[in-house]
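# Examining the three-dimensional arrangement
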Amino acid sequence: GAVVSQHPSWVICKSGTSVKIECRSLDFQATTMFWYRQFPKQSLMLMATSNEGSKATYEQGVEKDKFLINHASLTLSTLTVTSAHPEDSSFYICSSRRGTEAFFGQGTRLTVV
Amino acid sequence: KQEVTQIPAALSVPEGENLVLNCSFTDSAIYNLQWFRQDPGKGLTSLLLIQSSQREQTSGRLNASLDKSSGRSTLYIAASQPGDSATYLCAASLNQAGTALIFGKGTTLSVSS
């Protein structure tokens with residue numbers, strides 16, 4: 001099946017710093033990448049949709065200036081959590097679709113201390 | 001607004017037992033429905049994808065059914081094994097292939113040996 005690779009798998013950062021998460025499609029071109037967030041014992045919630053070469057679309061309640069998304073190529077999308085705070089600690093996961101099937105990255109566990 | 005619900009939230013069974021996980025969705029106009037497995041702290045592994053025109057899909061010991069009219073899908077796991085212990089998520093895709101998935105909260109399965 002299609003492979004979506006996400007890096008890093010976990011990161012611990014200090015409050016106020018920024019963290020970049022990368023998501024790559026390894027064997028297909030991902031025109032669209034979805035970014036989700038998952039809090040403990042909760043479901044995955046869509047944060048934003050990134051489209052290659054254009055601005056990302058953010059879901060209601062998600063701050064676009066805090067969660068910067070770049071999708072500069074058909075195989076790479078990045079999510080940067082700027083000025084991270086402890087409440088941003090969560091599991092972030094990217095996804096793309098090849099045809100009708102969705103494939104997910106391994107996820108990134110972000111802990112802000 | 002599409003909502004996806006999964007019951008039960010948690011399930012414990014002895015090894016070898018057959019079991020059914022339930023997923024319901026409020027809007028029957030789905031494009032497809034996908035079942036995933038998520039191990040603790042890990043990403044999502046796609047198990048089965050059912051297109052809206054299909055009634056069921058099978059892969060090994062797994063069988064997923066879809067009844068659009070009643071807004072339900074079930075995941076049947078035959079002869080459960082301890083290695084099946086994980087959280088199982090169902091996700092509905094809306095009418096367009098380019099849209100994100102809407103997830104249920106998942107069913108956490110524990111299979112004891």
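Please refer to the structure higher up on the page.
A brief look at the structure comes next.

Conventions we followed
- Residues numbered from 1 in each chain as written.
- Chains lettered and ligands numbered in written order.
- Predicted model: local features only at pLDDT ≥ 70, side-chain atom pairs only at ≥ 80, totals over all residues.
- Heavy atoms only, no water.
- Helix = DSSP H or I, 4+ residues; strand = E, 2+ residues; numbered from the N terminus.
- Buried < 20%, exposed > 50% of the residue type's maximum accessible area, 1.4 Å probe, protein only.
- Contact = heavy atoms within 4.5 Å.
- Salt bridge = Lys/Arg side-chain N within 4 Å of Asp/Glu carboxyl O.
- Disulfide = S-S within 2.5 Å.
- Pairing = 2+ DSSP bridges.
- Axes fitted to C-alpha atoms, helices over the stretch in contact; angles between N-to-C directions.
- Core = buried A, V, L, I, M, F, W, Y, C linked by side-chain atoms within 4.5 Å.
- Buried area = accessible area lost by both parts, 1.4 Å probe.
- Polar contact = N/O pair within 3.5 Å; in protein donor to acceptor, adjacent residues only side chain to side chain.
- Nonpolar A, V, L, I, M, F, W, Y, C, P; charged D, E, K, R; others polar.

### Brief notes about the environment of Ala30(A)
Residues and elements named next belong to chain A. Note that Ala30 resides in the loop between strand S3 (19-25) and strand S4 (32-38). When its relative accessible area of 1% is taken as the criterion, Ala30 is described as buried. In the structure, Ala30 is positioned 39 residues away from Ile69 in sequence and 14 Å away in space, judged by C-alpha atoms. Beyond its immediate stretch of four places on either side in the chain, Ala30 contacts Ser25, His71, Leu74 and Ser96.

### With respect to the pattern of salt bridges
Oppositely charged side chains may form a pair once their charged atoms are brought near each other. Residue and element names in this part refer to chain B. The final tally for this structure, using the stated rule, is 4 salt bridges over all chains. The partner of Asp39 in a salt bridge is Arg37, and the shortest N-O contact between them spans 3.1 Å. Judged by relative accessible area, Asp39 falls into the partly exposed class, the value being 26%. Arg61 is the salt-bridge partner of Asp84, the closest N and O atoms lying 2.8 Å from each other. Linking Asp84 in the loop between strand S8 (72-77) and strand S9 (86-93) with Arg61 in the loop between strand S6 (56-59) and strand S7 (62-67), this pair joins segments that are 23 residues apart in sequence.

### Overview of the state of the cysteines
Residue and element names in this part refer to chain A. Scanning all chains against the criterion turns up 2 disulfides over all chains. The residue that forms a disulfide with Cys23 is Cys94, at a sulfur-sulfur distance of 1.8 Å. For the disulfide bridge between Cys23 and Cys94, the dihedral angle about the S-S bond is near 75°, and by the sign convention the bridge is right-handed. Of this pair, Cys23 sits in strand S3 while Cys94 sits in strand S9 (residues 90-98); the two residues are 71 residues apart in sequence, bridging distant segments of the chain.

### With respect to the sheet that holds strand S8 (residues 76-81) of chain A
Strand pairing in a sheet takes place through backbone hydrogen bonds and is either antiparallel or parallel in direction. All names here are of chain A. Strand order in this open sheet of 4 strands is S1-S3-S8-S7, and the pairing throughout is antiparallel. The open sheet has two edge strands with one neighbour each: strand S1 (4-7) and strand S7 (67-73). Sheet twist, expressed as the mean angle between neighbouring strand axes with direction ignored, is 15°. When S3 meets S8, the two strands line up antiparallel, connected through 6 bridges. Paired with Arg24 across the two strands is Leu76, which belongs to S8.

### Here's the deal with the nonpolar core
Membership of the largest hydrophobic core comes to 24 residues, with the highest contact counts inside it found for Trp35(A), Phe67(A), Leu79(A), Tyr92(A) and Leu110(A). Among the elements of the structure, strand S2 (10-13), S3, S4, strand S5 (44-51), S7, S8, S9 and strand S11 (108-112) of chain A are those that each provide at least two residues to this core. Counting residues per element, this core draws most heavily on S3(A), at 3 residues. Excluding residues that lie within four positions of it along the chain, Leu79(A) makes contacts with Val19(A), Lys20(A), Ile21(A), Trp35(A), Phe67(A), Leu68(A), Ile69(A) and Tyr92(A). Core analysis: the second largest hydrophobic core is formed by 22 residues, Val4(B), Leu33(B), Leu48(B) and Tyr88(B) among them.

### Some remarks on the sheet that holds strand S1 (residues 4-7) of chain B
Residues and elements named next belong to chain B. One open sheet accounts for 5 strands, arranged S1-S3-S8-S7-S6; its pairing is antiparallel. With one partner strand each, in any of the chains shown, S1 and S6 form the two edges of the open sheet. Taken pair by pair, the neighbouring strands of this sheet meet at an average axis angle of 15°, ignoring direction. The sheet contact formed by strand S3 (residues 19-25) and S8 spans 6 bridges and is antiparallel. The partner of Leu21 across the bridge, within S8, is Leu75.

### Quick word on the interface of chain A and chain B
Contacts between chain A and chain B engage 18 residues on the former and 23 residues on the latter. Between chain A and chain B lies a buried interface of about 1500 Å² when both sides are counted; carbon and sulfur atoms form 53% of it. Of all residues in chain A, Arg97(A), Thr100(A) and Phe104(A) bury the most surface against chain B, accounting for 33% of the area lost on that side. Along the contact surface separating chain A from chain B lie 8 residue pairs in polar contact (both at pLDDT 80 or more). Taken together, the residues of the side of chain A that touches chain B break down into 8 nonpolar, 7 polar and 3 charged.

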